[in-house]
Amino acid sequence: MATAAQADSGGLLHWLDRSHTVAKPGFSRWLVPPAALCVHLCIGQVYAFSVFNLPMTKLIGITESAPDDWKLTELGWIFSIAIVFLGLAAAFTGTWLDRVGPRKAMFTAALCFGGGFLISALGVYLHELWIVYLGYGVIGGCGLGLGYISPVKTLITWFPDRPGMATGMAIMGFGGGAMIASPLSVWLMDYFSSPTDVGVTGTFITMGLIYMFFMLVGATIVRVPAQGWAPEGYVAPAESKKMVTTAHVHVDEALKTPQFYLLWGVLCLNVTAGIGVLGQASAMSQEMFPGQITAAAAAGFVGLLSLFNMIGRFFWASTSDYIGRRNTYMIFFALGLALYAAVPWTGQTGSIILFVAFYCIIMTMYGGGFATIPAYLRDIFGVRYVGAIHGRLLTAWSTAGVLGPVLVNYIREYQINNGVPKADAYSVTMYIMAGLLLVGFLLNWLMTPVDKKHHMTEAELKASMEG
Amino acid sequence: MSDSENVSGANTIKLALAWSFVGIPLIWGVLNTLTKAALLFQ
């Protein structure tokens, strides 16, 4: 196994090494969240990828789809492949990232994500879909996974007093990225379009370069604290609290604990329910309030949900620093259960305000689930391998990314085929999602501290720091 | 170890630049979203 020293590379890439990212005295830790945001605001673009779908069905026909143009169903795979590779990259690179430090990981993420766009531009130019799958899906997806987990441990180390708030700030960027990417993509496609071109190639090249630059700025700013650093006035607790350990669990050992699988289930169920309703928000709003919510208003509604998704990431993760992670998830599941079950009622009463309000609160908890999980992992497994463990846990997200939409679409189709009116077909879906949250509540309720037999010994910890 | 909370003048400029670098695009995105969302209540 390579050591940290061996991981240090020479030559021009020396700058990327962990040893060159150790903060000098006087460095402000508040520079680290913007460094993380540089990455997360970029990779959050993935949520806005669907804006390219329709234009990419007209690459040949320009004004309308030609027979040889790509189909929407084929294009849908680009996003799915990217999310799968996000999970895989996060799971398999966590340990490497832990060894080489955040700068090298963020640099690699920038090359992968920006490069993925550039390769996809070539695929669009040559009209070869497999190149787009490879570019944005596989290579870009790896950039997503690496970029997502790269600043997490660094932030937790810089903010031992407020780990939830720190990771919430970064992961908030992932929620906000789509709000920037969506109008930017539309504007760029408009700029590059001509009577013979829908403008996707130029947009991909421009966005690839912009994102690469932004992420590299983040990699330049990021620093890790020197060994033994602590914020002024902060005294690390000498003993573990009930649900906050001062010990450390190795990433391989964490996989042997029931706590890892409980948290995997907690994240998976929270995300499944959220993705499930997020995917149908536009259609649901129009069908539950026919004639009152237009297609344009529904698009605005989806945008509003993105905003609350982002706000929830910061709000709930910060709140968890005060009320505890377990209690925060208890609120997600209990309040979520009530709100999911109440959404059909808002349709029956015809209250758009309540419908929008319930949905917005649900979205804050969906985002909050993502943002609070790193601090929850830190509380349960300690700081040493939190980045790598977080990476492994993100496979729950990939699973939910498939499970949520499939579950919702299948249930809806089944009901409509059995004669249930479209406006009513959402009720059962929402009740089933509420049921998933009940299971999540139970899993979270079962959460206990990790058995001491899984903790690293002082000698193991010292060896891991040196190695 | 000196504390990072004591922000020097140079650090203040760095902080302002770094937060503006991420804050300005984010605010632009939020304003865009709110403008579109306003349609929902018209």
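Residues numbered from 1 in each chain as written. Chains lettered and ligands numbered in written order. Predicted model: local features only at pLDDT ≥ 70, side-chain atom pairs only at ≥ 80, totals over all residues.

## Digging into the overall build of chain A
Alright, step 1. Helix and strand counts for chain A come out as 19 helices and zero strands.
Alright, step 2. The C-alpha atoms of chain A give 23 Å as radius of gyration, which agrees with the globular expectation for 467 residues (23 Å, within 12%).
Alright, step 3. By principal-axis analysis of the C-alpha atoms, chain A measures approximately 65 × 50 × 35 Å.
Alright, step 4. Evaluated residue by residue, chain A yields a buried proportion of 51% over its 467 residues. (Helix = DSSP H or I, 4+ residues; strand = E, 2+ residues; numbered from the N terminus. Rg over C-alpha atoms; globule rule 2.2 N^0.38 Å. Buried ≥ 20, exposed ≤ 12 C-beta atoms within 10 Å, placed from the backbone.)

## A few points about the interface of chain A and chain B
Alright, step 1. Contact with chain A, which involves 33 residues of that partner, is made by 26 residues of chain B.
Alright, step 2. Of all the secondary structure elements, the ones that give two or more residues to the side of chain A that touches chain B are helix H2 (32-43), helix H8 (163-192), helix H9 (200-221) and helix H13 (295-323) of chain A.
Alright, step 3. At nine residues, H13(A) tops the list of elements feeding residues into the side of chain A that touches chain B.
Alright, step 4. Its residues assigned to classes, the side of chain A that touches chain B comprises 24 nonpolar, seven polar and two charged. (Contact = placed C-beta atoms within 7 Å. Nonpolar A, V, L, I, M, F, W, Y, C, P; charged D, E, K, R; others polar.)

## Overview of the nonpolar core
Residue and element names in this part refer to chain A.
Alright, step 1. Core analysis: the largest hydrophobic core is formed by 146 residues, its most contacted members being Met215, Leu267 and Phe301.
Alright, step 2. Examining the composition of this core, we find that 15 residues originate from one element, helix H15 (residues 352-381), more than from any other.
Alright, step 3. There are two domains that each give this core at least three residues, and those are domain 1 (27-230) and domain 2 (251-458 + 462-466).
Alright, step 4. When near neighbours in sequence (up to four residues on either side) are disregarded, Met215 contacts Cys38, Val39, Cys42, Met106, Ala109, Ala110, Phe113, Gly114 and Gly147. (Core = buried A, V, L, I, M, F, W, Y, C linked by C-beta atoms within 7 Å. Domains from an automatic or database assignment.)

## Regarding the packing of H8(A) against H15(A)
Residues and elements named next belong to chain A.
Alright, step 1. For the pair H8 and H15, interaxial distance at closest approach is 9 Å and the crossing angle is 145°. Between H8 and H15 lies a crossing whose hand is right-handed. Mapping the contact onto sequence places Pro163, Gly164, Thr167, Gly168, Ile171, Met172 and Gly175 in H8 and Gly367, Phe370, Ala371, Thr372, Pro374, Ala375 and Arg378 in H15.
Alright, step 2. Here the residues of the contact of H8 with H15 are counted per class, giving seven nonpolar, six polar and one charged. (Axes fitted to C-alpha atoms, helices over the stretch in contact; angles between N-to-C directions. Left-handed = near helix turned anticlockwise from the far one by under 90°.)

## Quick look at the domain arrangement of chain A
Residues and elements named next belong to chain A.
Alright, step 1. Domain assignment breaks chain A into domain 1 (27-230) and domain 2 (251-458 + 462-466).
Alright, step 2. A separation of 22 Å is found between the C-alpha centroids of domain 1 and domain 2.
Alright, step 3. At the junction of the two partners, domain 1 supplies 29 residues and domain 2 supplies 31 residues.
Alright, step 4. Mapped by element, the contributors of at least two residues to the side of domain 1 that touches domain 2 are helix H4 (72-100), helix H7 (152-158) and H8.
Alright, step 5. For the side of domain 1 that touches domain 2, the element with the most residues is H8, which contributes twelve residues.
Alright, step 6. Of the residues belonging to the side of domain 1 that touches domain 2, the class tally is 16 nonpolar, ten polar and three charged.

## With respect to unusual backbone geometry
All names here are of chain A.
Alright, step 1. Although it is not a glycine, Ile62 sits at a positive phi angle of roughly 65°.
Alright, step 2. Along the chain, Ile62 turns up in the loop between helix H3 (53-56) and H4.
Alright, step 3. Here Ile62 falls in the partly exposed class, since 16 other C-beta atoms lie within 10 Å of it.
Alright, step 4. Even without being glycine, His127 reaches a positive phi, approximately 55°.
Alright, step 5. Here His127 lies in the loop between helix H5 (102-126) and helix H6 (129-149).

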